[in-house]
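Structural features, examined
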Amino acid sequence: MGTEHSKNEERRSMVFLRKGPKLPAWEDALLAGREPKSLLKRGLRYVSLSLIMKGMTSTPDFLWGLHEVQKLNLSRNQLVVIPPSLGKLDRLVVLNLGGNCLKCLPKEIGLLRNLKVLFVNMNCLKEVPAELSLCRKLEVLSLSHNCISQLPLSFTDLTSLRKLNLSNNRFVQIPLCIFALRSLDFLHLGSNKLENIAESIQYLVNLQIFIVENNNIRSLPRSLCYISTLELLNVDYNAIQTLPDDLYLLRRLRRIAWNPMDKGLHIAHNPLSRPLPEVVEGGLDVLFSYLRDKKEHN
C-alpha cells in the first residue's frame with residue numbers, strides 16, 4: 001500500500017512539473033550542465049543565436065562570451081538595457097533588438113565593425129549614439145516606432161546604408177545627414193511630424209522607395225521629380241494641395257496605387273485643389289499628361 005501511494009505521489013509530481021512554466025532555453029541548457037555554445041546554430045553562412053520571446057528583462061552574462069556568434073536575435077523581450085559588453089561580439093553581422101523597452105543603445109555598438117543589419121524598432125529610444133556611424137558596413141537600419149527627433153551628423157559616414165526606416169518617430173524635418181547617404185534605395189519616414197521635404201532630396205540618386213505618408217507635408221519639391229529611380233512614392237494622408245509640373249518625369253512610377261504594398265504613386269487622402277482630384281481618378285497617364293500640358297502652357 002505504501003509503495004502504491006509513493007508511486008501515485010511521484011506521478012502527481014511529474015504531472016505538476018510538466019504543467020509548470022517552461023525554463024528559458026539558456027537556463028535549461030545550463031541546468032543540464034551543457035555549454036552555452038550548444039545554443040548556437042551553425043548554418044551555411046552564419047553562426048546564429050535566437051533568444052526571441054523569452055521574457056528576459058536583462059541579458060544573460062554568458063552571452064558576451066559567445067564571440068563566434070554572427071546573427072543575434074533578442075527581439076520581443078522586456079530588455080531595458082543592453083550592456084557595454086555588446087562590443088565584445090565583434091563578429092556580429094545581424095543584430096535584432098526590436099520589440100523591447102530600450103531607452104538607449106551603448107556607445108560600444110560602434111565596435112561592431114562587421115554589422116550589416118540592425119533592428120531596434122519598437123523600443124523607447126529618444127536618441128541614437130553617434131558611435132553607430134562607426135559601423136561602416138551597415139546596410140539595413142530600422143529605428144521605427146521610437147521617440148527619436150534627430151540623428152547625429154556623423155550618420156553621413158554610413159555610406160553603405162541602403163535601407164533606412166525611421167517611421168513612427170518624432171521628426172519635424174528630414175535630418176540633413178540623410179541627404180549624404182547616396183546609396184539609399186529605401187527611405188521610410190511615415191507617421192512623423194514632417195511639414196516639408198527639402199530640395200536636397202534630389203541627392204538621393206538611387207532612391208527607389210520613398211514613403212512619407214501620414215505627415216503634415218503641404219507640397220512636394222520640384223527636385224523630387226529628378227530622382228529617376230523612384231518606383232514607389234507614398235504621400236498618402238498629408239496636406240498636399242498642388243503637385244509639381246515636372247512630376248511626369250518620374251517614369252518608373254507605373255500607376256496610381258491604392259494598396260500600400262503596390263509600387264506607384266500613392267496620393268490618397270490629400271486636399272488636392274481642383275481639377276486634380278478628378279484628374280487623379282483618371283489614372284497616372286492622365287495625371288502626367290495634365291501636368292505636362294500645364295507646364296507647356298505656363
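Everything here concerns the structure above.
These notes cover the structure that comes with them. (Residues numbered from 1 in each chain as written. Predicted model: local features only at pLDDT ≥ 70, side-chain atom pairs only at ≥ 80, totals over all residues. Heavy atoms only, no water.)

It is worth spelling out the overall build of the protein at this point. Counting its secondary structure elements, the protein contains four helices and eleven strands. Counting across all 298 residues of the protein, residues that qualify as buried make up 46%. (Helix = DSSP H or I, 4+ residues; strand = E, 2+ residues; numbered from the N terminus. Buried < 20%, exposed > 50% of the residue type's maximum accessible area, 1.4 Å probe, protein only.)

Our next topic: the pattern of salt bridges. When charged atoms on two side chains of opposite charge get close, those side chains can pair. Under the criterion given, the structure shown has 13 salt bridges. Where K37 meets E68, a salt bridge forms, and the shortest distance between an N and an O atom there is 3.9 Å. One end of the pair, K37, is in the loop between α2 (25–31) and β1 (41–42); the other, E68, is in the loop between β2 (47–50) and β3 (71–73), and 31 residues separate them in sequence. Residue E68 is classed as buried on the basis of its relative accessible area of 16%. Across the salt bridge formed by R274 and E278, the nearest N and O atoms sit 2.6 Å from each other. The exposure class assigned to E278 is partly exposed, which follows from its relative accessible area of 40%. (Salt bridge = Lys/Arg side-chain N within 4 Å of Asp/Glu carboxyl O.)

Okay, a positive patch on the surface next. On the surface, R45, K71, K116 and K137 cluster together into a patch of positive charge. Examined against the element boundaries, K137 turns out to sit in the loop between β5 (117–119) and β6 (140–142). (Patch = residues over 30% accessible without salt bridge, like charges linked within 9 Å, V, L, I, M, F, W, Y side chains within 5 Å. Areas by Shrake-Rupley, 256 points an atom, 1.4 Å probe, with all protein chains shown as cover. Lys, Arg positive; Asp, Glu negative; His and termini not counted. Charge placed at Lys NZ, Arg CZ, Asp CG, Glu CD.)

So, on to the environment of L224. Tracing the backbone shows L224 in the loop between β9 (209–211) and β10 (232–234). Once the C-alpha coordinates of L224 and I201 are considered, the two residues, 23 residues apart in sequence, prove to be 6.2 Å apart. Residues contacting L224, with those up to four places away along its chain left out, are I201, F210, L230, L233 and L250. (Contact = heavy atoms within 4.5 Å.)

What follows is about the side chain of N192. You can see N192 is positioned in the loop between β8 (186–188) and β9. In this structure N192 comes out as buried when scored by relative accessible area, which is 8%. Polar contacts involving the side chain of N192 include one to the main-chain amide nitrogen of R170, which spans 3.1 Å. A polar side-chain atom of N192 sits 3.0 Å from the main-chain amide nitrogen of F171. (Polar contact = N/O pair within 3.5 Å; in protein donor to acceptor, adjacent residues only side chain to side chain.)

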